[in-house]
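Secondary and tertiary structure notes
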Amino acid sequence: MSKNIQNKLHFINISKEEMTLFEWKPPRSFKSYILDVNLVKDNMTQDIFFHLNKGNMKMVYIRKGILLYTIGSDQDAQFQLLEALLEQIDKKFHEIWDIDVIFSYGNVSSNIFKDFTTHVNEIIENCNELIKKVDVYCRVCKKTLPLYVKNSIIENAVSFPVPLVFTHRGHALVTYIDQNFVVRGVELVNITG
Ligand SMILES: [Zn+2]
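Residues numbered from 1 in each chain as written. Predicted model: local features only at pLDDT ≥ 70, side-chain atom pairs only at ≥ 80, totals over all residues.

**Re the packing of helix α3 (residues 79-96) against helix α5 (residues 116-125)**
Which entries qualify depends on this criterion: For helices, the axis comes from a line fit to the C-alpha atoms of the stretch in contact; other axes are also lines fit to C-alpha atoms, and the angle between any two N-to-C directions lies between 0 and 180 degrees. The helix and strand labels rest on DSSP assignments: H or I over at least four residues marks a helix, E over at least two residues marks a strand, and numbering proceeds from the N terminus. In this scheme the crossing of two helices becomes right-handed for a clockwise turn of the near helix relative to the far one and left-handed for an anticlockwise turn of less than a right angle. By the convention adopted here, residues are in contact when the distance between their C-beta atoms, placed from the backbone, does not exceed 7 Å. The nonpolar class holds Ala, Val, Leu, Ile, Met, Phe, Trp, Tyr, Cys and Pro. Asp, Glu, Lys and Arg form the charged class, and all remaining residues, Gly among them, are polar.
Where α3 contacts α5, the axes come no closer than 10 Å and their chain directions differ by 145°. Between α3 and α5 the crossing geometry is right-handed. Together, Leu 85, Gln 88, Ile 89, Lys 92 and Phe 93 of α3 and Phe 116, His 119, Val 120, Ile 123 and Ile 124 of α5 make up the contact between the two elements. Residue classes in the contact of α3 with α5 are distributed as seven nonpolar, two polar and one charged.

Structure (structure tokens):
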């Protein structure tokens, strides 16, 4: 699936206030996503993943401390996978750089983060390690669908099974996933918002 996801990704952006520190794009992509990132910059909520559909693209973003991480992909990439990628990217970014110390020196050029591309490519390549695929039967679609669950929601869960809402084709299921990534229940639910 890593090959697959690489073809679905539009961009990955790490920003601090007005400044883009790092941007990843697929090979041969020259499109600018500055406006898309600007769209989510006003959100100051910490540590919560937000989802957004914009035209033919879906976006996931999260603010962590002074950094804002944004990822954009085709509509058919699942949010759990995009979240898992951002979590791993955040982890790696902080492993390499002590961000608070770097920015305490004042003027910082985004050039210092340029080589992060190699790490991002590696994370994308190994994305299968961050998620599990489970099968969910949808009685509306009348078929079994693949649902991707990020490992971290099971690892960080305080109780089981973990509920996960699976929105697809205009309807939604609540699925209940146990600590072994086994689906313990599926319910069709009403949606509003
Ligand atoms: Zn369905």
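**So, the domain arrangement of the protein chain**
Put simply, the rule reads: The start and end points of each domain follow an automatic or database-based domain assignment.
Assigned domains of the protein chain: these are domain 1 (2-129) and domain 2 (131-189). Between the C-alpha centres of domain 1 and domain 2 the distance comes to 25 Å. In this complex, domain 1 contributes eight residues to the contact, which on the side of domain 2 involves five residues. Its residues assigned to classes, the side of domain 1 that touches domain 2 comprises three nonpolar, three polar and two charged.

**A few points about the environment of Phe 22**
How we decide: With C-beta atoms placed from the backbone, a residue is buried if 20 or more other C-beta atoms are within 10 Å of its own, exposed if 12 or fewer are, and partly exposed between those counts.
Tracing the backbone through its elements, the reader meets Phe 22 in strand β2 (residues 19-24). Residue class for Phe 22 comes out buried when judged on the 21 C-beta atoms lying within 10 Å of it. For the pair formed by Phe 22 and Tyr 176, sequence separation is 154 residues and the distance between their alpha carbons is 36 Å. Contact partners of Phe 22, with chain neighbours within four places excluded, come to Ile 14, Ser 110, Phe 113 and Phe 116.

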